[in-house]
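Each chain, letter by letter, is given below.
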Amino acid sequence: MAATVTRTSSAPDLLRSLSTTWDLLLAITLRDIRVRYQGTFLSFIWWIARPLTLGTVLYIALGRVLDLRADVPNYSIFLLSALFPWFWFSGSVSQATGIFVGNSGLLKKVRFPKLILPLSAVLFNTSQFLLTLPILIGFVLVAGIDPELMWLAGIPALMALQLLLLIGLGTLLATLNVFFRDLGPMVDVALLLLFYLSAIIFPLDLVPDEFRPIMALNPVAPLIDAWRNLFLYGEFLDGAIWPALAITAASLALGLFAFNKLERHFADAL
Amino acid sequence: MPSKERYAIRLKGVSKRYLLSRTTPLHIRDMLMKPWTIRSRLAGEAFWALQDVSLDVRRGQILGIIGKNGSGKSTLVRTMVGLSPPTSGTVSVHGTYAALLDLGAGFHPDATGRENAYINALFMGLTKKRARELMPEILEFSGLGKFVDQPMRTYSSGMYVRLGFSVAVHVKPEILVIDEILAVGDADFQQKCFDHFAELKQQSATIILVTHSMSTLREFADRVIHMEHGRVVNDGDPNAVIDKYMMNRLTASPAARKVFRRSLEAQGLLPEEAVEESTPGGVER
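Residues numbered from 1 in each chain as written. Chains lettered and ligands numbered in written order. Predicted model: local features only at pLDDT ≥ 70, side-chain atom pairs only at ≥ 80, totals over all residues. Heavy atoms only, no water.

Thoughts on helix H10 (residues 254-266) of chain B
Residues and elements named next belong to chain B. Our working definition: By definition, any uninterrupted DSSP run of H or I lasting at least four residues is a helix, any uninterrupted run of E lasting at least two residues is a strand, and each is numbered from the N terminus. Here the expected span of a helix is defined as 1.5 Å times the quantity of residues minus one. The rule is simple: take the accessible area with a 1.4 Å probe, protein chains only, and divide by the maximum for that residue type; under 20% is buried, over 50% is exposed, in between is partly exposed. The directions from the helix axis to the C-beta atoms are what the arc is built from.
Spanning 13 residues, H10 covers 18 Å between terminal C-alpha atoms, matching the ideal 18 Å at 1.5 Å per step. Taken residue by residue, H10 has Arg257, Phe260 and Leu264 as its buried positions. The arc that holds every buried residue of H10, seen down its axis, measures 65°, which confines them to one face. Exposed side chains of H10 directed beyond 90 degrees from the buried face belong to Ala255, Lys258, Val259, Arg262 and Ala266. Gly268 sits one or two positions beyond H10 and adopts a positive phi of about 75°.

In structure tokens, the structure reads:
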């Protein structure tokens, strides 16, 4: 049995359809931002409330009570410089995972580049990170860390790296979730696990040797480490960046591959 | 720029099979508790939503599609516009198209009508610039007045249709596909739509209309096809196809047949064989 579908559409050439796709992606993302925070007077406050609250709690519980401060210099910045990128990561991943399933009505009734949906979920969370970044930098400066020239290169580079990682991972999870709906709750559990495995609340050197291989399996740990090294020590092209780069490339390849292979079956599975 | 093809849409031997198992996603629960079911799930029971449909739609034609619920009408139009890939057969579409298959597909309930209309236009493939230019016209045509700046969750379904339809026709598609939603609009708006169809038709746009409103089709369609069990069972002049369809429906159930026969008896015209023969395929399920 062979099925062929041909379309001769006189209108858009590739370039124009790329630009309309970008327009649509931007419009959807802006709409989601507006809708989510409209009517909340302190919308901006809510964006930074989560990392700051968790940061404070962890600082008191671990830094003061368990006295990690003794082992980790500048423990408050140690926490915050990891928590901000972490919330960007976890927010994007959990939102992207459900995005195809949640928009099944749209996908079945309207023809458009489907990749827009996970991209907009990631972009939405990226915009939050970008807007809260000055707050993070503010805390770093207040803590007495001098701004480094390296930040100018490091921040955009790490953001690009994390953005690509999230696009890959988000597309992969959103695609697989269409066919395997248990993935949603699984991702929630995995994120909880990754939070503790990402060495966000403690430095990697405190981890006993026998647990190191487990930590190494974690796709975000190197990236979180890279963010921290950048803000705490002004280091950028150190050890952590290379595994982060490799993981990003792998997730991007895997995500786009899975999406490409499975996209045509969406119509029947949604 | 209109395409030079004589046909807007050509389907050749198109079939669509749904594997019933694949339409429900895999769950860990089933894999763990009932591993023996996995194999049968993967093999699965098949349902043919479309069976060997061949159809050429000429450019500038207004085509009506009728048939009972579940007869394959929606699958057919979704296949035409590429939302559902056929299992076998060939689909070729020539020209740009806009499809209005659902109330509110792509509308965000918390965004305003204005914002949704704009995004909807982008969904239909317009550039940002073109969409901005068309906005005043679109909003004007919808007749929603000051409600365009209210969130769409406050809209009635009729208002949804008004906005969706306004966008779809202003995109100026060469092919416009509408799946049974106009019925929700009020008489005024329906009239406005049909006037607009006439205008689109003049620009040799092709319009495909799935509807249960026979009077609409009698008035506007150039051609009607009747679907049953995923097949095209009748195709041709709107009045002829609709008459036969209504007749079959009237005589579908034994009770209806009795009533029908009695009324014919009363009028002194009893085509006995005709009534028996015209038992439609619909009841043998």
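Past the structure itself, the notes keep going.
Examining unusual backbone geometry
All names here are of chain B. The phi torsion at Asp52 lies on the positive side, around 50°, for a residue other than glycine. As for its placement among the helices and strands, Asp52 is situated in strand E2 (residues 46-58). By relative accessible area, which is 52% here, Asp52 ends up exposed.

Here's the deal with the pairing of strand E8 (residues 223-228) of chain B
All names here are of chain B. Rules: When DSSP finds at least two bridges between two strands, those strands are taken to pair.
The buried fraction of E8 amounts to 6 of the 6 residues, a majority that puts the element mostly inside the structure. Side chains of E8 alternate between two faces, with Arg223, Ile225 and Met227 and Val224, His226 and Glu228 buried alike. Where strand E3 (residues 62-67) meets E8, 5 bridges bridge the pair, whose relative direction is parallel. By the bridge assignment, Ile66 is partnered in E8 with His226. Here E8 runs beside strand E9 (residues 231-236); their pairing, made up of 5 bridges, is antiparallel. Along E9, the bridge assignment pairs His226 with Asn234. Between E8 and E9, which pair antiparallel and follow one another directly, the connecting turn spans 2 residues, one of which, His229, has a positive phi of 50°.

Some remarks on the packing of aromatic side chains
Residues and elements named next belong to chain A. Note the cut-off: For Phe, Tyr and Trp, where Trp contributes only its six-membered ring, two rings pair if their centres lie within 6.5 Å, and the inter-plane angle classes them as stacked under 30 degrees, edge-to-face over 60, or tilted in between.
Inspection of every chain in the model, using the stated rule, returns 22 aromatic pairs over all chains. With a centroid separation of 5.7 Å and 20° between ring planes, the pair formed by Tyr75 and Phe78 is classed as stacked. One end of the pair is Tyr75 and the other is Phe78, both in helix H3 (residues 75-97) and 3 residues apart, which spans about a single turn. For Tyr75, a relative accessible area of 2% gives the class buried. With a centroid separation of 5.4 Å and an interplanar angle of 65°, the aromatic rings of Phe129 and Trp227 are classed as edge-to-face.

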